[in-house]
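Breakdown of the fold
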Amino acid sequence: MTVLVHLAPPKRLIDATIDGEEVRVPEGTTVLDACAASGTEIPTLCYGDTLTPRNACRVCVVEVEGARTLAPACSRKLEPGMSVNTDSERVRHSRKLVLELLGSSVDLSTTPKVPEWMERYEAEPDRFGPRSEPAPLGERDARRAGEHEAGDGSVAATVEQPPKIDNDLYVRDYSKCIMCYKCVDACGDQWQNSFAIGVAGRGFDARISTEHDAPLTDSACVYCGNCIEVCPTGALSFATEFDMRQAGTWDEEAQTETTTICTYCGVGCNLTLHVQENEIVKVTSPHDNPVTHGNLCIKGRFGFQHVQRRGGGGERGAERGPL
Amino acid sequence: MDLRFLDETPTDTEREAVDSVLGPPESGWDGGTRLDTDLRYARGGHTARDRRDLLLPALHAVNDRVGWISPGALDHVCRRLTVPPAEAYAVASFYAMFALQERPRRVVHLCTDIACAAKGSGPLRDRLAERHGPPGGHDGDVTWHESPCLGMCERAPAALAIEAGPRPRSAVAAPATPGAIDTLAAASPEPAANGHSNGRANGVPAHGPGTADRDLPAAPTTFDDVPLPGTDPEPAPADAVPDAGSPDHVLLRRIGRVDPLSLDDYRAEGGYLALREALRLGPAGVIREVSDSGLVGRGGAAFPTGRKWQATASQPDGPHYLVCNADESEPGTFKDRVIMEGDPFSLIEAMTIAGYAIGAHTGYLYIRGEYPRALRHLENAITVARERDLLGDDVLGSGFSFDIEIRRGAGAYICGEETAIFGSIEGERGEPRTKPPFPVEKGLFGKPTAVNNVETLVNVLPILLMGGPAYAAVGTEGSTGPKLFCLSGGVRRPGLYELPFGATLRDLIEAAGGMPEGRSIQAVLLGGAAGAFVRGDELDIPLTFEGARAAGTTLGSGVVLVLDDTADLVATLVRVAAFFRDESCGQCVPCRVGTVRQEESLLRISRGGDPASEVALLREVGQAMRDASICGLGQTAWNAVESAVDRLGLFDAPGAPARERTP
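Everything numeric in this text was worked out from a predicted model, so none of it was measured. (Residues numbered from 1 in each chain as written. Chains lettered and ligands numbered in written order. Predicted model: local features only at pLDDT ≥ 70, side-chain atom pairs only at ≥ 80, totals over all residues.)

**Some words on the overall build of chain A**
Helices and strands together make up the secondary structure of chain A, namely eight helices and 12 strands. By principal-axis analysis of the C-alpha atoms, chain A measures approximately 80 × 65 × 35 Å. Among the 323 residues that make up chain A, the fraction classed as buried is 44%. Put simply, 57% of the contacts in chain A that link residues at least 6 apart link residues at least 24 apart. (Helix = DSSP H or I, 4+ residues; strand = E, 2+ residues; numbered from the N terminus. Buried ≥ 20, exposed ≤ 12 C-beta atoms within 10 Å, placed from the backbone. Contact = placed C-beta atoms within 7 Å.)

Dropping the structure here:
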């Protein structure tokens, strides 16, 4: 019997120029993908390999010849004859300023690669002045759109506030939030379809929020942790990681990663167990796994404590309740 | 969609306000009483979600009725429209005119923007703060806010009061005297200080007939036509046009001559002749005339209108949409308000022609929330036009079907950006989208859309009446036709002026009577907050697109704000910076944080900081905002400051000559 196999129509190849080098790529390829293929590193923060580009952070901007403004590499598709410069003076300037603006307003201490980029682009986030005091919990969430209290310019405004700890599984430390929209997209119609969070407020006071800043336990959150999976800065983290960082015992170098299959149901999700000192400290899933695309449910993501109940009392898992 | 709600219930008043916009609920699935039969079927999917664009009108209905949006009301709106509460909260908290915490029904918006600050809004602000506490208070009978430009710059300083109720009412004080401000901020004598706690006492729908016991106007409108008790009646729209009735006027020729509520008046003055001509020419003929006329967009970007219409009309995807951008919020701009208040039918006719040309059957008219009178006049015009078959299934018996839906903004400058306006209409946050794809290809609801400014659209009427080539003969080669200029600030007769392109800045200022005795011009802001300053000795700049460009400045939306020698330029720059910080949507880093750093730097200068090092910092931040921001707001947020530095030489060492702007 003949089985019809539907193939997508072949993609046209187009010619373009990146940093003076001719490239030939399938139509629809983004500048970022083309650069990745040719080994040109472009910094990204809000780009997610499993999500639609939001173009929010602007750290990936490149110069397209003839364009008035710079273009985000993560979403701009190459066109025939397009000439792109990924390291021009204008590009370096904007990347430097984006890193400085973020560095001066957000806690980037747990964002991978930022120190390296800061050095590469000679960013000095401290030059906007001393950082303002963190806001009390809830103050930023109550701000009204379209007004702000103008200070006297002596301190640089930041988004810092105490972490939000309202459940046993994960912590939201919005001092570290760069507003990349990835958690919102992962929670919403791109993956989980729970819609527990949105971007509330406007401008510098924009923040990730449940409705009326309600605790997660009252919200639509299902604790799948897919927002943690995509968070680029560590603003969202496992309670285990948050506690260990507070205690100073978090040591990524000492961790091993073991990918296995979740045993809870028959779907067969891949789990990557991050283990430090023989304890599971975090669970992720490979983004290229065809079953999960990096997503899990509450059981796969957080249901690991039983593994390390070794009979004795006083273990971390025993303290953390039923899961 | 499986939605989860907080355990909050709406009051009957809130429920009625929402249902007055959305109609009664069908079942327990969309917010009605839950019956046993509801459990035997599920309502979901696209049919449940495809009314998302009614989110903004539903939020308005609650805010208009009760004065704020309670958790119970928000939940009810979400149930009715199948919208996740977190998303509805995200949308509601985006707009300055919505409150998510309980507040008094009456809100006074005092304009403290550039034009009003130059005319003394400062003492009024202090007066309000003294009597009513800091802005945004939740107690008492009235609350107040400092507002960005209210579009009443010709009679600055301005204030607007809006009071929620069964039919919301408004009043303006402009020019605002201390006494007028006190009246605006006086407690309403009516009972039920807050309808929220009062249940059915005021349980009358905010919309629909029969809401008032006196004679109804021709058409029910959102805002009551009777202003708040005790306040002065608003001056006629024509008062904004100092030379109203001039035979040279083309765009403003009906302002002051017709009753803006009367279609018969409009027709007696040549109304709807252009639509008849359009129907005779056919869509391609209309686009040809508009292309031949050389008309370019009057909202600030100056894109050729004919090309935009042609590109939209030729898209194979459908339906096509027309969006009229009446979210006029650029500080110093009030031209669209005067047209909508004084000659609303002209906009309705022009939108019908535009819809005909691009093949659209629905036009959305997006008007800013701070224009209650313009909204009332347009609502009336649309209703009357529908009654007379000038809108509807068979426009003028031609078989062409077209109707207009009004969408009211709620205090967000960014929603005037041509892609942010789509988000706002669709019930999402008003965040600009990355281009490409451009609106002509993927615009409103992802469909081909033409977005046109009010002034651009009304230019189409004379184009069709006189013919494209004849229109092109008016003005200069690069800038054709008449142009409206919003003149405000220190001149003798501020107001809206219509001049053919080609006049110089000096001609315009002289038309306004020049400067009062003893005053000289320190600087002129062209194009609003997103525009640029020129010096008082540069009055020979031709007010044309090419002339402004050659002089290294911009016409923008037609703002000409004259700052005399008493104006505090540094304070003006701080206000411009505060405006951009407040109005940034917050999506991209260069604008979200850059506008904050820009304001901080200018504040340091104003308090004695070293201008040289601050200007270097401002320049770096400004360049990144211009290069790397998503939309025009961030890209232009540094323009005015840059021109003050480079063109006015504001922070140069004393005695140094003013420098020419470096291109």
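**Observations regarding the interface of chain B and chain A**
With 51 residues of chain B at the contact, the number on the chain A side is 48 residues. Going through the elements one at a time, helix H4 (71–81), helix H5 (85–92), strand E2 (142–147), helix H20 (569–583), helix H21 (589–606) and helix H22 (611–628) of chain B are the ones with two or more residues in the side of chain B that touches chain A. If one sorts the elements of the side of chain B that touches chain A by residue count, H21 of chain B sits on top with 12 residues.

**Notes on the pairing of strand E1 (residues 106–111) of chain B**
All names here are of chain B. The element E1 is largely enclosed, with a buried count of six among its six residues. Alternating residues of E1 divide into Arg 106, Val 108 and Leu 110 and Val 107, His 109 and Cys 111, and every residue in both groups is buried. The sheet contact formed by E1 and strand E3 (residues 159–163) spans five bridges and is antiparallel. Counterpart to Arg 106 in the pairing with E3 is Glu 163. Relative to E2, E1 runs parallel, the two being bridged by six bridges. What sits directly across from Val 107, in E2, is Thr 143. (Pairing = 2+ DSSP bridges.)

**A few points about the packing of helix H10 (residues 273–293) of chain B against helix H11 (residues 305–313) of chain B**
Residues and elements named next belong to chain B. Closest axis-to-axis distance for the H10/H11 pair is 7 Å, and the angle between their directions is 155°. For the element pair H10 / H11, the angle class is roughly antiparallel. Along this stretch, H10 crosses H11, giving a crossing that reads as left-handed. Together, Pro 283, Ile 287, Val 290 and Ser 291 of H10 and Thr 305, Gly 306, Arg 307, Trp 309, Gln 310 and Ala 313 of H11 make up the contact between the two elements. (Axes fitted to C-alpha atoms, helices over the stretch in contact; angles between N-to-C directions. Parallel < 35°, antiparallel > 145°, perpendicular 65-115°, else oblique. Left-handed = near helix turned anticlockwise from the far one by under 90°.)

**Observations concerning the domain arrangement of chain B**
Residue and element names in this part refer to chain B. On domain assignment, one finds that chain B holds domain 1 (12–92), domain 2 (106–184), domain 3 (252–471), domain 4 (482–564) and domain 5 (569–646). Taking only C-alpha atoms into account, the centre of domain 2 sits 27 Å from that of domain 5. Taken together, the contact pairs four residues of domain 2 with six residues of domain 5. In the side of domain 2 that touches domain 5, the residues fall into three nonpolar, no polar and one charged. (Domains from an automatic or database assignment. Nonpolar A, V, L, I, M, F, W, Y, C, P; charged D, E, K, R; others polar.)

**Topic: the sheet that holds strand E1 (residues 13–18) of chain A**
Residue and element names in this part refer to chain A. Strand order in the open sheet formed by five strands is E2-E1-E5-E3-E4, and the pairing between neighbours is mixed. If you trace the sheet from one side to the other, it starts and ends with strand E2 (21–26) and strand E4 (71–72), each paired once. Sheet strands touched by helix H1 (residues 31–38): E1, E2, strand E3 (61–64) and strand E5 (83–85). Its angle to E2, the strand with the most contacts, is close to 115°.

**Thoughts on helix H24 (residues 639–646) of chain B**
All names here are of chain B. For H24, a buried count of eight out of eight residues is recorded, marking the element as mostly surrounded by other parts of the structure. Considered for burial, the residues of H24 that qualify are Asn 639, Ala 640, Val 641, Glu 642, Ser 643, Ala 644, Val 645 and Asp 646. Buried-residue contacts for H24 involve strand E11 (521–526), strand E12 (532–535), H20, H21, H22 and helix H23 (632–636).

**So, the nonpolar core**
All names here are of chain B. In this structure, Val 77, Ala 158, Ala 159, Ile 353 and Val 524 are the most contacted members of the largest nonpolar core, which totals 290 residues. Per element, the largest residue contribution to this core is 10 residues, and it comes from helix H13 (residues 344–358). Discounting residues that sit within four places of it in the chain, Val 524 has contacts with Leu 505, Phe 533, Val 534, Val 560, Leu 561 and Val 562. (Core = buried A, V, L, I, M, F, W, Y, C linked by C-beta atoms within 7 Å.)

**What about H13 of chain B?**
Note that an α-helix has 3.6 residues per turn; residues three or four places apart therefore point the same way. Taking 1.5 Å per residue as the helical rise, H13 of chain B with its 15 residues ought to reach 21 Å, and the 22 Å between its terminal C-alpha atoms agrees with that figure. The element H13 of chain B is extensively covered by neighbouring structure, given that 15 of its 15 residues are classed as buried. (Expected span 1.5 Å × (residues − 1).)

**Topic: the sheet that holds strand E9 (residues 482–489) of chain B**
Residue and element names in this part refer to chain B. The strand order E10-E9-E13-E11-E12 describes an open sheet built from five strands, whose pairing is mixed. With partners counted over all chains shown, the strands left at the sheet margins are strand E10 (495–500) and E12, one partner each. Each strand of the sheet is rotated relative to its neighbour by a mean of 30°, with strand direction disregarded. Where E11 and strand E13 (residues 559–564) come together, five bridges link them in antiparallel fashion. Each bridged residue has a counterpart across the sheet, and for Val 524 the counterpart in E13 is Val 562.

**Overview of the packing of H20 of chain B against H24 of chain B**
Residues and elements named next belong to chain B. Two elements in contact, H20 and H24, have axes separated by 9 Å at closest approach and are oriented at 160°. Here H24 runs roughly antiparallel to H20, going by the angle between their axes. Remark: the crossing between H20 and H24 carries left-handed chirality. Here Leu 569, Leu 573, Val 576 and Ala 577 of H20 come into contact with H24, specifically with Ala 640, Val 641 and Ala 644. Each residue belonging to the contact of H20 with H24 can be placed in one class, and the counts come to seven nonpolar, no polar and no charged.

**Focus: the pairing of E13 of chain B**
Residues and elements named next belong to chain B. E13 sits mainly inside the fold: five of its six residues count as buried. In the sheet, E9 pairs with E13 via four bridges, with the strands oriented parallel. For Ser 488, the partnering residue across the bridge sits in E13 and is Leu 561.

**Some points on unusual backbone geometry**
That bond from Ala 156 of chain B to Pro 157 of chain B is cis: its omega, -5°, falls within 30 degrees of zero. Cis rather than trans, the peptide bond between Lys 435 of chain B and Pro 436 of chain B has omega equal to -5°. Within the secondary structure, Pro 436 of chain B is located in the loop between helix H15 (420–426) and strand E8 (449–453). Its identity as a non-glycine residue notwithstanding, Phe 195 of chain A has a phi of 55°, on the positive side. By secondary structure assignment, the location of Phe 195 of chain A is in the loop between helix H4 (182–187) and strand E7 (198–200). Given 26 C-beta atoms within a 10 Å radius, Phe 195 of chain A is considered buried. Positive phi outside glycine occurs at Asn 278 of chain A, with the angle close to 65°.

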